[in-house]
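If you want the building blocks of each chain, they are given just below.
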Amino acid sequence: MTDEEIRAFLALPLLGVVGTIRKDGRPHAVPVWYRHVEDSTIRIWTEENRAWVAHARRDPRVTFAVYDATRPLSGAVIISGTASFEEIPDATKSEDVRKITERYAAEDKVDYYINLWDYIKTIVTIKSDKVTGWTGA
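Residues numbered from 1 in each chain as written. Predicted model: local features only at pLDDT ≥ 70, side-chain atom pairs only at ≥ 80, totals over all residues. Heavy atoms only, no water.

In this section: helix 2 (residues 51-58). Listed as buried for helix 2 are Trp-52, Val-53, His-55 and Ala-56. Looking straight down helix 2, one finds its buried side chains confined to an arc of 160°; they lie on one side. Contact partners of the buried residues in helix 2: strand 1 (16-21), strand 2 (27-32), strand 4 (41-46), strand 5 (61-67), strand 6 (76-87) and strand 7 (122-134). (Buried < 20%, exposed > 50% of the residue type's maximum accessible area, 1.4 Å probe, protein only. Helix = DSSP H or I, 4+ residues; strand = E, 2+ residues; numbered from the N terminus. Arc of directions from axis to C-beta. Contact = heavy atoms within 4.5 Å.)

If you want it as structure tokens, here you go:
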């Protein structure tokens, strides 16, 4: 994929999967809602107490993957990068939280979800070191 095709692919409302390294060295992967920002940077709104967050705080090397399973071999993007963390004081006022939620929730449910999960105060940013994308069809 070209850079433009990767950006377009990451803009699709697909689930991402973030991969981290457990203390014992085994991989850990979990599906997440996300949004793509400039330079293949990924932003994820999540709970601080999630296992993958603890793994990434200990070892910030992560892999992030997105796959379109709507048709066989339609494409994927894999990002290797470094995670950083930001605490947000109020999820209901966060631009990141709103943009992430708008990607996945029906328009009339965005505020409902944000208010439902207003206790979630962590934004994880994955800054890419390497990006690979391909299409199979």
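This paragraph deals with the nonpolar core. Counting residues in each nonpolar core, the largest one holds 21 residues, and the members touching the most others are Val-18, Ile-44, Trp-52 and Phe-64. For this core, the elements supplying multiple residues, two or more each, are helix 1 (3-11), strand 2, strand 4, helix 2, strand 5, strand 6 and strand 7. In contact with Val-18, not counting residues within four places along its chain, are His-28, Ala-29, Val-30, Val-32, Trp-52, Val-62, Thr-63, Phe-64 and Ile-126. Core analysis: the second largest hydrophobic core is formed by 10 residues, Ile-88, Ile-100, Ala-105 and Ile-114 among them. (Core = buried A, V, L, I, M, F, W, Y, C linked by side-chain atoms within 4.5 Å.)

With respect to the helices and strands, the residue Ala-54 is situated in helix 2. Exposure remark for Ala-54: the relative accessible area of 45% places this residue in the partly exposed category. Sequence spacing of Ala-54 and Ile-120 is 66 residues, and the spatial spacing of their C-alpha atoms is 15 Å.

Looking now at the pairing of strand 6. Regular strands place their side chains on alternate faces of the sheet. Pairing between strand 5 and strand 6: 7 bridges, direction antiparallel. Bridge pairing in strand 6 places Val-62 opposite Gly-81. When strand 6 meets strand 7, the two strands line up antiparallel, connected through 12 bridges. Bridge pairing links Gly-81 to Ser-128 in strand 7. (Pairing = 2+ DSSP bridges.)

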